[in-house]
Amino acid sequence: EVRLVESGGGLVQPGGSLRLSCAASGFTFSSYAMTWVRQAPGKGLEWVSSIINGGGTTRYVDSVKGRFTISRDNAKNTLYLQMNSLKSEDTAVYYCAASNVLGVPLRIQEYDYWGQGTQVTVSS
């Protein structure tokens, strides 16, 4: 059974930091590109960042460049998202997802397996 389980969300003040984790099981994690996608209240899904299966190539949406860092540990089957300098507009449910498309897929539709999400709330 494929499972992606996100953790690390919570309430943080503007300017603060959080580190999200996504534990994967049931598939060959090191063969899959991974992504973080978020959904703000009342809005659609927004692609945030992706990383190639080997970890050497990453991509970010402009709004998080320089603040967020995606990484992965293939030995631990875990994906991470380090989020610094958080803003109120980063408030959303954050999902991780996996794709067996080669390279760094940027389209949400290219991702096959999804986690249940973790809530991130940035507020004073």
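See the structure shown above.
Basis of the calculations
Residues numbered from 1 in each chain as written. Predicted model: local features only at pLDDT ≥ 70, side-chain atom pairs only at ≥ 80, totals over all residues. Heavy atoms only, no water. Helix = DSSP H or I, 4+ residues; strand = E, 2+ residues; numbered from the N terminus. Polar contact = N/O pair within 3.5 Å; in protein donor to acceptor, adjacent residues only side chain to side chain. Contact = heavy atoms within 4.5 Å. Core = buried A, V, L, I, M, F, W, Y, C linked by side-chain atoms within 4.5 Å. Buried < 20%, exposed > 50% of the residue type's maximum accessible area, 1.4 Å probe, protein only. Pairing = 2+ DSSP bridges. Axes fitted to C-alpha atoms, helices over the stretch in contact; angles between N-to-C directions. Phe/Tyr/Trp six-rings, centres within 6.5 Å; stacked < 30°, edge-to-face > 60°. Lys NZ or Arg CZ within 6 Å of the ring centre and 35° of its normal. Disulfide = S-S within 2.5 Å.

(A) Spatial organisation of the side chain of Glu 6. You can see Glu 6 is positioned in strand S1 (residues 3–7). Among the polar contacts listed, one links the side chain of Glu 6 to the backbone nitrogen of Gln 116, at a separation of 3.0 Å. Looking at Glu 6, its side chain comes within polar contact range of the main-chain nitrogen of Gly 117, at 2.9 Å. Contacts of Glu 6, omitting those with residues within four sequence positions, involve Ser 21, Cys 22, Trp 36, Tyr 94, Tyr 95, Cys 96, Gly 115, Gln 116, Gly 117 and Thr 118.

(B) Region of interest: the nonpolar core. Within the largest apolar cluster, 29 residues are counted, with the highest numbers of intra-cluster contacts made by Trp 36, Leu 79, Met 83 and Tyr 94. Listing elements by their share of this core, those giving two or more residues are strand S3 (18–25), strand S4 (33–39), strand S5 (45–51), strand S7 (68–73), strand S8 (78–83), strand S9 (92–99) and strand S11 (118–122). Once residues within four sequence positions are removed from consideration, Tyr 94 is found in contact with Glu 6, Leu 20, Trp 36, Val 37, Arg 38, Val 48, Phe 68, Leu 81, Met 83, Gly 117, Thr 118 and Val 120.

(C) Quick peek at the sheet that holds S8. The strand order across the open sheet built from 4 strands is S1-S3-S8-S7, with neighbouring strands paired in antiparallel fashion. The sheet is open, and its two borders are formed by S1 and S7, each paired with just one other strand. Shown here is a sheet whose adjacent strand axes are inclined to one another by a mean of 15°, direction ignored. In terms of strand pairing, S1 meets S3 through 5 bridges, oriented antiparallel. Bridge assignment links Arg 3 to a residue of S3, and that residue is Ser 25.

(D) The packing of aromatic side chains, seen in detail. Applying the stated rule across the entire model yields 5 aromatic pairs. Through a chain of ring-to-ring contacts, the aromatic side chains of Phe 27, Phe 29, Tyr 32 and Tyr 113 assemble into a single cluster. In this structure, Arg 19 packs its charged tip against the face of Tyr 80, placed 4.0 Å from the ring centre.

(E) Quick look at the state of the cysteines. Under the counting rule described, the total for this entry stands at 1 disulfide. Disulfide pairing places Cys 22 opposite Cys 96 at an S-S distance of 2.0 Å. Since a negative S-S torsion denotes a left-handed disulfide, the Cys 22-Cys 96 link at about 60° is right-handed. Of the two residues, Cys 22 is situated in strand S3 and Cys 96 in strand S9; the sequence distance between them amounts to 74 residues. The class of Cys 96 is buried, set by a relative accessible area of 0%.

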